[in-house]
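# Secondary and tertiary structure notes
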Amino acid sequence: MGQVIAFRRPQASPVLAEPALGLLSAVDFALRDLAEITPHIALDSVREQAEACRAMLAAAFNAELEAELDC
């Protein structure tokens, strides 16, 4: 006869009530970091890319704030 191997049932992962860091806070931190490091970037192309990233994040951040205020 074969041997029956009992596997442990997976335990339910704990559900967090709130994320430790909200998405808006993370974007705000990224905007501040980009503003701080952009002046120190030596290559023009990289500085332009960082500025484009900052502008895109700022637009998304502002749109989300406006949407929250309209509710």
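A brief look at the structure comes next. (Residues numbered from 1 in each chain as written. Predicted model: local features only at pLDDT ≥ 70, side-chain atom pairs only at ≥ 80, totals over all residues. Heavy atoms only, no water.)

## Details of helix α2 (residues 44-70)
The end-to-end C-alpha distance of α2 is 39 Å, a good match for the 39 Å that 27 residues give at a rise of 1.5 Å each. Taken residue by residue, α2 has A50, L57, A58 and F61 as its buried positions. Close packing links the buried residues of α2 with α1 (23-37). (Helix = DSSP H or I, 4+ residues; strand = E, 2+ residues; numbered from the N terminus. Expected span 1.5 Å × (residues − 1). Buried < 20%, exposed > 50% of the residue type's maximum accessible area, 1.4 Å probe, protein only. Contact = heavy atoms within 4.5 Å.)

## Focus: the nonpolar core
Core analysis: the largest hydrophobic core is formed by eight residues, namely V27, L31, L34, I41, A50, L57, A58 and F61. Those elements that place two or more of their residues in this core are α1 and α2. No other element matches α2, which puts four residues into this core. F61 has contacts with L24, V27, D28 and L31, leaving out every residue within four places of it along the chain. (Core = buried A, V, L, I, M, F, W, Y, C linked by side-chain atoms within 4.5 Å.)

## Remarks on α1
Taking 1.5 Å per residue, 15 residues should reach 21 Å; α1 reaches 21 Å between its end C-alpha atoms and fits that length. Among the structural elements, α2 are those in contact with the buried residues of α1.

## Comments concerning the packing of α1 against α2
Relative to each other, α1 and α2 sit at 145 degrees, their axes nearing to 10 Å. Between α1 and α2 the crossing geometry is left-handed. Facing L24, V27, D28, A30, L31 and L34 of α1, the residues of α2 in contact are A50, C53, R54, L57, A58, F61, E64, L65 and E68. Considering only residue class, the contact of α1 with α2 consists of eleven nonpolar, no polar and four charged. (Axes fitted to C-alpha atoms, helices over the stretch in contact; angles between N-to-C directions. Left-handed = near helix turned anticlockwise from the far one by under 90°. Nonpolar A, V, L, I, M, F, W, Y, C, P; charged D, E, K, R; others polar.)

## Description of the side chain of T38
Within the fold, T38 resides in the loop between α1 and α2. Residue classification places T38 among the buried positions, given a relative accessible area of 10%. Separated by 2.5 Å, the side chain of T38 and the backbone oxygen of L34 make a polar contact. If near-sequence neighbours (up to four positions away) are discounted, T38 is found in contact with R47 and A50. (Polar contact = N/O pair within 3.5 Å; in protein donor to acceptor, adjacent residues only side chain to side chain.)

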